[in-house]
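# Summary of the model geometry
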Amino acid sequence: MHSSTLTEATGDEVLADTERFAVATDVFTALAEPTRLRILSALAVAPRSPGELRDQLGLTPDAVAYHLLVLRDAHLATGGPGARHRLAPEAPARVAAALTCTGMPVV
């Protein structure tokens with residue numbers, strides 16, 4: 001909303017901020033779980049199947065499936081059930097947008 005206060009904001013500005021904060025919440029929720037950070041780190045190196053992630057990280061199949069679902073829902077990972085997953089192309093921009101939403105500078 002730039003320098004305007006909430007009471008001065010137009011409906012469009014409030015909606016835009018609501019959408020930005022919703023994206024930020026999705027991203028921060030996905031990143032808040034250490035297991036998901038480990039999965040993202042593995043996917044940043046190379047695409048991986050759920051089985052590879054299970055073996056590499058010592059997780060159960062259900063845990064891998066759940067964490068991948070959360071990462072896909074936040075648009076941080078791509079792939080489908082049983083398919084190789086990879087870091088989503090838009091993941092870095094989504095994380096940067098989430099940080100910007102908080103007012104933190106992104107370098």
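Residues numbered from 1 in each chain as written. Predicted model: local features only at pLDDT ≥ 70, side-chain atom pairs only at ≥ 80, totals over all residues. Heavy atoms only, no water.

### What to know about the overall build of the protein chain
- Each helix and strand counted, the protein chain has five helices and two strands in total.
- Taken from the N to the C terminus, the helices and strands of the protein chain come in the order α-α-α-α-β-β-α.
- Here the protein chain holds 107 residues, and the buried ones make up 29% of them.
- For the protein chain, the proportion of contacts with a sequence separation of at least 24, taken over those separated by at least 6, is 49%.
- Here the protein chain has roughly 6500 Å² of accessible surface; of this, 62% comes from carbon and sulfur atoms. (Helix = DSSP H or I, 4+ residues; strand = E, 2+ residues; numbered from the N terminus. Buried < 20%, exposed > 50% of the residue type's maximum accessible area, 1.4 Å probe, protein only. Contact = heavy atoms within 4.5 Å. Areas by Shrake-Rupley, 256 points an atom, 1.4 Å probe, with all protein chains shown as cover.)

### Points about the side chain of Ser49
- By secondary structure assignment, the location of Ser49 is in the loop between helix H2 (34-45) and helix H3 (50-57).
- In contact with Ser49, not counting residues within four places along its chain, are Ala83 and Arg84.

### Re the environment of Ala97
- The topology assignment puts Ala97 in helix H5 (residues 91-101).
- As for Ala97 and Phe21, which are separated by 76 residues in sequence, their C-alpha atoms are 9.5 Å apart.

### A few points about the pattern of salt bridges
- The full count for this structure, using the stated rule, is two salt bridges.
- Taking the shortest distance from any N to any O, the salt bridge between Glu52 and Arg84 comes out at 2.9 Å. Here Arg84 lies in the loop between strand S1 (77-78) and strand S2 (86-87) and Glu52 lies in helix H3, a separation of 32 residues in the sequence.
- Looking at Glu52, the relative accessible area reads 33%, which means it is partly exposed.
- Note that Asp55 and Arg54 form a salt bridge whose closest N and O atoms lie 3.3 Å from each other.
- Overall, the relative accessible area of 58% leaves Asp55 in the exposed class. (Salt bridge = Lys/Arg side-chain N within 4 Å of Asp/Glu carboxyl O.)

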